[in-house]
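Spelled out from the first residue to the last, the chains are:
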4 protein chains.
Amino acid sequence: MKEIKKIGVLTSGGDAPGMNAAVRAVTRTAIYNGLKVVGIHEGYQGLLQKDTFELGSRTVGHLIQRGGTLLRSARCKEFETAEGRKKAYDYIQEIGLDGLVVIGGDGTFTGASIFSDEYNIPVIGIPATIDNDIFGTDATIGFDTALNTIVEAVDKIRDTASAHNRLFLIEVMGRDAGFIALRAGIATGAESILLPEFEEYQTKLREYLEQKHKRSKQNGIIIVSEGSKIKAYDIYKEITKEHPEYDVRLSILGHLQRGGSPSAYDRVIASQLGVAAVEALLTDRSNEMVGIRNNQVVYVPLSDSIKEDKALNKNLLRIVDILSI
Amino acid sequence: MKEIKKIGVLTSGGDAPGMNAAVRAVTRTAIYNGLKVVGIHEGYQGLLQKDTFELGSRTVGHLIQRGGTLLRSARCKEFETAEGRKKAYDYIQEIGLDGLVVIGGDGTFTGASIFSDEYNIPVIGIPATIDNDIFGTDATIGFDTALNTIVEAVDKIRDTASAHNRLFLIEVMGRDAGFIALRAGIATGAESILLPEFEEYQTKLREYLEQKHKRSKQNGIIIVSEGSKIKAYDIYKEITKEHPEYDVRLSILGHLQRGGSPSAYDRVIASQLGVAAVEALLTDRSNEMVGIRNNQVVYVPLSDSIKEDKALNKNLLRIVDILSI
Amino acid sequence: MKEIKKIGVLTSGGDAPGMNAAVRAVTRTAIYNGLKVVGIHEGYQGLLQKDTFELGSRTVGHLIQRGGTLLRSARCKEFETAEGRKKAYDYIQEIGLDGLVVIGGDGTFTGASIFSDEYNIPVIGIPATIDNDIFGTDATIGFDTALNTIVEAVDKIRDTASAHNRLFLIEVMGRDAGFIALRAGIATGAESILLPEFEEYQTKLREYLEQKHKRSKQNGIIIVSEGSKIKAYDIYKEITKEHPEYDVRLSILGHLQRGGSPSAYDRVIASQLGVAAVEALLTDRSNEMVGIRNNQVVYVPLSDSIKEDKALNKNLLRIVDILSI
Amino acid sequence: MKEIKKIGVLTSGGDAPGMNAAVRAVTRTAIYNGLKVVGIHEGYQGLLQKDTFELGSRTVGHLIQRGGTLLRSARCKEFETAEGRKKAYDYIQEIGLDGLVVIGGDGTFTGASIFSDEYNIPVIGIPATIDNDIFGTDATIGFDTALNTIVEAVDKIRDTASAHNRLFLIEVMGRDAGFIALRAGIATGAESILLPEFEEYQTKLREYLEQKHKRSKQNGIIIVSEGSKIKAYDIYKEITKEHPEYDVRLSILGHLQRGGSPSAYDRVIASQLGVAAVEALLTDRSNEMVGIRNNQVVYVPLSDSIKEDKALNKNLLRIVDILSI
């Protein structure tokens, strides 16, 4: 195996709070081990557009607390083609990178996996997405922060819901996965939750609307995952039609869920995983993701991380039913 | 004039952070002056439904920091009728209220003004609405908190806008008035603002979209007041049609703008105005709003507070143009 | 075993954010299962002073987001005596409690364990302390919130440290354990950390002060655990004496670390553990703590939870050294 | 008068949130008007050490939301000497500055006033200090943010005070002035406040301690200004001696009060004052401070701003007494 002397780091896909903390950790760990580090702008696109710069220890100073990503992020169609990847590889050769750390979600890892197979360049993935939908790691960077952001927003909405005895439908992010909606629902004391994974929860929602809310006439919060079969907006229209007497409002939390200073937890795991990623490259690992399982750093083949579906904690679902009485 | 021994207090209309701080101040000032205080639930509706309870000094303990309103709020159609007001007055006589403090916005004050004229019951209004659209007071309770909430949300959106070089249209509250949008625009460093009051800003927005954003390809934030002639959603559709190359997103902040723990400023003016309202009743004032002008408490006839239009600070508008270069 | 029909719940020891969320979960789970629930004021003291009240589903509404504890907390000397415990038991008999859920830290569990042994009353403990120093559970309720509070405070201090190139010594809570200091240090990007568990870190601190800080003359943050052998104040005095040229400040974060609305994580585990505690009583468990290990609910004998020392994650320590270059 | 083509900007004295927003506004207004702008590092020291750099429109992008100051700040002994000021002037000539904007408090303005008198260089001051102790302006940049920071911290302390029925002495900043303590006291619902300006409040504090707190045995918050004649620590010692039965704690909030992202209000006035400062230079004003009075920009001779004492709002003091019953 070729000795690692210079590595590149990029952030790709949807941005997540803590990506900067991970870039900082990768950079400093590399420097600590005598390596050079190159920051690549806008994900794989930076490799195609030769948009890179040297990262120093001071470049990443005071970065741990910042939302967004210094390296910027993008989705890159061209990298999905063989020509695109060839071009990226040529540039990597040109600037002499011996390894790559890619920070992102499953799209990022899919690209990384193919690229690493094709060109035999060592690549390590760090899972960073607010959706937490990566197999092989208990948590992804950004998930905890997004949850806290949602909880703060819903607490505010609860204030106004209580003041007016209103019913709120609140759509949260999470793509096809209900990780965000499930935990946000528990943490905000939601009266009902709608998840992509469990269609039977439509029945429970209906029960809540037809029985409990009718009886109590109290305020209510219903958390709807953006990936649910039935959309928040459609439920909203249905309720206003079937229950014109309900004072119902729709709130789509939107992109504020992606930003903000990372939580303590996300900063810590971003630091752990950034260190682990560089150390993985230094010990000849490749085509793997570094993740957190049972509070320990683990290594998972990139191909597993994207192929398998991570299961929702069913026990948490049960809790929603008990606590919303 | 009849001596004041017992007063009622209610919150009405859209809720605003700091309403609770005002209820606390009214309650404690009344007790401090030897009066009894009755809390009325859900605005004028509580008078019609005889839904009231005694407020003690301890009832309002640890209330200053809470969003929403302990008294709950509602809009009340019946109180707009003469019969409704007669019923309310009868109940006021029944429980022996000698004066009323009403906390809310222009709808609340309109009802109060008519009621006070009809029944010669002393009424004092406290301006509380996040929209700041009440004439005769520099600030309304809740406005500062809502601004801070918006600023925090837009800062988060800026993180993700920067990460992806995206353009965001962000709709903020404020009804027909641009007070929120204007200050939120300055405070978030928005690239452009659309206000109900100034149609020419559509031209400026177009300039930004056609020229500056085209050139810079940087991230951008456009704050759109919900009362603007052209709606945020329509601008969004137009941009995606005319500039399919722009990466544009729409975010409607929604009801989270109404909630949350009140800011220091809102707690202080809520305290000042609550004290002033009770002292106004004790000095035989009626049919007036207590407001803040030039950092002093002032008294404004309720009829003025609802008739006149408060002007936007044009100087602030000029600042947006200068600082968004 | 006697059938469980009525249970009591108390919070004891130092308060922690999320205690209210746990009380809510215990209450609603009990009601969900047809039990009656009695809230006991001020920990064990409430049993001695017969200060209890019935908890309903609505009593605990809108409680999940509140810091502090509705039940209040206290340390109770009298309960450490056999007479005290006898008195408590008599009252428990008097009001017909069939089981007890105690929410707190090791002091709370020590009392619970002795009491349960003496009187054969089923007792389940829920770990709630910001210090995270309970064996058998990965997390205690309040730890995550306290970390986030500290991180926000230190981020603010970092602003002013940077503005003036200052060195800050920041003392954080945690009693004899460095869990808070270690994670807070990583999450704030601290230049050095002093923990009770590792004396060699005094050497590292000295290195930082004598070499790195001397060279860089940059701002610096040193996190000192309150349980460290050498106190923050003494280090402060030493630095000002040995390095009068350094611009050094001391900040003792203090009790604000105990308060605030609980984080999403703390609300979720408080909900999980509250449900688990009641279900444990219903399945004839006693004298155990419900905890979280590897994201699953586990049961640990109370005696173990207080006897054993939980180890710090040494891997995290290594990270501090790497990332503070 | 010489035409203004190039100006310098610096931040000096204690840092305050919003200084960056003011630097941004100065920079962009200058560029908008065709001027060049030079950033001076670490206050007047940067002039002596020739530590300056050109500020562009993009340099100050995404700066409005950041605490601290990009330009860093310092107190500079050498500038207090005639030689120091001569050296500064020579450098100003060397790099061709035609005017200076200084952002800071009274120390900053004192230096500016002497310097402008001696060398006939146009200087405009922008008031930025968390203490709000500048005559001629209703608000200084940073005051509102500091208040909000304190209010959030005290709300957290109130949680734990309530949980344990504790009494907290909380020392807040403000130097010789009670502006911070007075408003923080009202906004946190403090039971008592100690200010530098009113010695009689020691009597009120004593009354609270000897009578009200004795009676209620409830939690209590006492806000003590750091400039009070009797120090928070001494009161703490006295209470623990005279009332060993009280559960009393001391909390010195410290430097976290100086940091953090500026509030909406501080960002708006920083923007207004930054624009006004550059426009003042362009209209041949000098040796003045730009301030905010009655929501309008005003110009105040620098000599007045530092000579006169701004009065506390006595009406607010009265409110504390009424609302703490």
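An unreviewed UniProt entry lists chain A under the name ATP-dependent 6-phosphofructokinase, with Balneicella halophila as the source organism. Its UniProt record gives chain A a comment under Cofactor (unreviewed entry), which states: "Mg(2+)".

When its secondary structure is counted, chain A shows 11 helices and 11 strands. For 325 residues, the compact-globule formula gives about 20 Å, and the C-alpha radius of gyration of chain A, at 22 Å, lands near that figure. If you line up chain A on its principal axes, its C-alpha atoms span 70 × 35 × 35 Å. The 325 residues of chain A split such that 65% are buried. Pairs at least 24 apart in sequence give 75% of the contacts found in chain A among residues at least 6 apart. Looking at chain A as shown, the accessible area adds up to about 11400 Å², and 47% of this sits on carbon and sulfur atoms.

This next bit is on the pairing of strand S11 (residues 296–301) of chain D. When a strand is regular, its side chains alternate between the sheet's two faces. Residues and elements named next belong to chain D. As judged from the six bridges shared by strand S10 (residues 288–293) and S11, these two strands associate in the antiparallel manner. Across the sheet, residue Ile292 finds its bridge partner in S11, namely Val297. What sits between the antiparallel neighbours S10 and S11 is a turn of two residues, in which Asn294 has the positive phi angle 50°.

We now examine the interface of chain D and chain B. Listed by partner, the interface residues are 47 residues for chain D and 47 residues for chain B. Buried area between chain D and chain B, both sides added, is near 4000 Å², and the carbon and sulfur share of it is 55%. Here chain D and chain B share four salt bridges between them. For the salt bridge of B:Arg318 with D:Glu279, the shortest nitrogen-to-oxygen distance reads 2.9 Å. Across the contact surface, chain D and chain B share 18 residue pairs in polar contact (both at pLDDT 80 or more). Listing elements by their share of the side of chain D that touches chain B, those giving two or more residues are helix H1 (19–32), helix H5 (143–164), helix H6 (179–187), helix H9 (264–282) and helix H11 (314–323) of chain D. With eight residues, the top contributor of residues to the side of chain D that touches chain B is H9(D).

This next bit is on helix H4 (residues 106–119) of chain D. Residue and element names in this part refer to chain D. End to end, H4 covers 20 Å across 14 residues, agreeing with the expected 20 Å (1.5 Å per residue, within 8%). If you check which residues of H4 are buried, you get Thr108, Phe109, Gly111, Ala112, Ser113, Phe115, Ser116 and Tyr119. Buried residues belonging to H4 abut helix H2 (44–48), helix H3 (82–95), strand S4 (99–104), strand S5 (123–127), S10 and helix H10 (302–307). One or two positions beyond H4, positive phi appears at Asn120, with a value near 50°.

Moving on, we get to the environment of A:Arg85. Residue and element names in this part refer to chain A. Secondary-structure assignment places Arg85 in helix H3 (residues 82–95). Counting along the chain gives 230 residues from Arg85 to Asn315, while the straight-line C-alpha distance between them is 43 Å. When neighbours within four sequence positions are excluded, Arg85 is seen to be in contact with Glu78, Phe79, Glu80, Ile114, Phe115, Glu118 and Tyr119.

Negative charge collects at one region of the surface, where A:Glu152, B:Glu152, C:Glu152 and D:Glu152 lie side by side. Secondary-structure assignment places B:Glu152 in helix H5 (residues 143–164).

This part is about the side chain of A:Thr140. All names here are of chain A. By secondary structure assignment, the location of Thr140 is in the loop between strand S5 (123–127) and helix H5 (143–164). On the accessibility criterion, Thr140 (0% relative accessible area) is buried. Once you skip the residues sitting within four places of it in the chain, Thr140 turns out to touch Pro127, Thr129, Asn132, Ile134, Asp266 and Ile269.

The next thing to look at is the packing of aromatic side chains. According to the stated counting rule, one finds 20 aromatic pairs over all chains in the structure shown. Measuring from centroid to centroid gives 5.5 Å for A:Phe115 and A:Tyr119, while their planes differ by 55°, and the two rings are tilted. Placement of the pair is A:Phe115 and A:Tyr119 together in helix H4 (residues 106–119), with a separation of four residues, close to one helical turn. Neither A:Phe115 nor A:Tyr119 differs from the other in exposure class; each is buried. On the numbers, 4.5 Å between centres and 15° between planes, the contact of B:Tyr89 with B:Tyr119 is stacked. Here the residue B:Tyr89 occupies a position in helix H3 (residues 82–95), and B:Tyr119 occupies one in helix H4 (residues 106–119), the gap between them amounting to 30 residues. Note on B:Tyr89: relative accessible area 19%, which makes it buried. Joined through ring pairs, the aromatic side chains of A:Tyr44, A:Phe79, A:Tyr89, A:Phe115 and A:Tyr119 make up one cluster. Looking at B:Arg285, its charged tip hangs above the ring of B:Tyr299, at a distance of 3.9 Å from the centre.

What follows deals with the relation of the copies chain A and chain C. Superposing chain A onto chain C requires a rotation of 180° together with a translation of 0.0 Å along the rotation axis, leaving an RMSD of 0.0 Å. Such a combination of rotation and displacement between the chain copies is what one expects of a two-fold axis. Closest approach to the rotation axis within chain A is made by the C-alpha atom of A:Asn294, at a distance of 2.3 Å. Most of the interface of chain A is mirrored in chain C, where 100% of its interface residues again form contacts.

Here the focus is the sheet that holds strand S4 (residues 99–104) of chain A. All names here are of chain A. Judged by pairing direction, the sheet is mixed, and its seven strands sit side by side in the order S3-S2-S1-S4-S5-S10-S11 without closing on themselves. In the strand order of this sheet, the two ends are held by strand S3 (52–54) and strand S11 (296–301), each with one partner. Direction aside, the axes of adjacent strands within the sheet are offset by 25° on average. The pairing of strand S1 (residues 6–11) with strand S2 (residues 36–40) spans four bridges and is classified as parallel.

With that settled, the discussion passes to the domain arrangement of chain A. Residue and element names in this part refer to chain A. If you check the domain split of chain A, you get domain 1 (6–142 + 262–307) and domain 2 (145–258). When each unit is reduced to the centre of its C-alpha atoms, the spacing between domain 1 and domain 2 is 34 Å. Between domain 1 and domain 2, the contact holds 13 residues from the first and 11 residues from the second. When the two sides are added together, the surface that domain 1 and domain 2 hide from each other amounts to roughly 1000 Å², 45% of it contributed by carbon and sulfur. Linking domain 1 with domain 2 are three salt bridges. The partner of Asp131 in a salt bridge is Arg175, with the nearest N and O atoms 3.2 Å apart. Along the contact surface separating domain 1 from domain 2 lie eight residue pairs in polar contact (both at pLDDT 80 or more).

Here is what the cut-offs are and how they apply
- Residues numbered from 1 in each chain as written.
- Chains lettered and ligands numbered in written order.
- Predicted model: local features only at pLDDT ≥ 70, side-chain atom pairs only at ≥ 80, totals over all residues.
- Heavy atoms only, no water.
- UniProt positions renumbered as here; feature names shortened; annotations may be inferred.
- Helix = DSSP H or I, 4+ residues; strand = E, 2+ residues; numbered from the N terminus.
- Rg over C-alpha atoms; globule rule 2.2 N^0.38 Å.
- Buried < 20%, exposed > 50% of the residue type's maximum accessible area, 1.4 Å probe, protein only.
- Contact = heavy atoms within 4.5 Å.
- Areas by Shrake-Rupley, 256 points an atom, 1.4 Å probe, with all protein chains shown as cover.
- Pairing = 2+ DSSP bridges.
- Buried area = accessible area lost by both parts, 1.4 Å probe.
- Salt bridge = Lys/Arg side-chain N within 4 Å of Asp/Glu carboxyl O.
- Polar contact = N/O pair within 3.5 Å; in protein donor to acceptor, adjacent residues only side chain to side chain.
- Expected span 1.5 Å × (residues − 1).
- Patch = residues over 30% accessible without salt bridge, like charges linked within 9 Å, V, L, I, M, F, W, Y side chains within 5 Å.
- Lys, Arg positive; Asp, Glu negative; His and termini not counted.
- Charge placed at Lys NZ, Arg CZ, Asp CG, Glu CD.
- Phe/Tyr/Trp six-rings, centres within 6.5 Å; stacked < 30°, edge-to-face > 60°.
- Lys NZ or Arg CZ within 6 Å of the ring centre and 35° of its normal.
- Least-squares fit on C-alpha atoms with pLDDT ≥ 70 in both.
- Axes fitted to C-alpha atoms, helices over the stretch in contact; angles between N-to-C directions.
- Domains from an automatic or database assignment.

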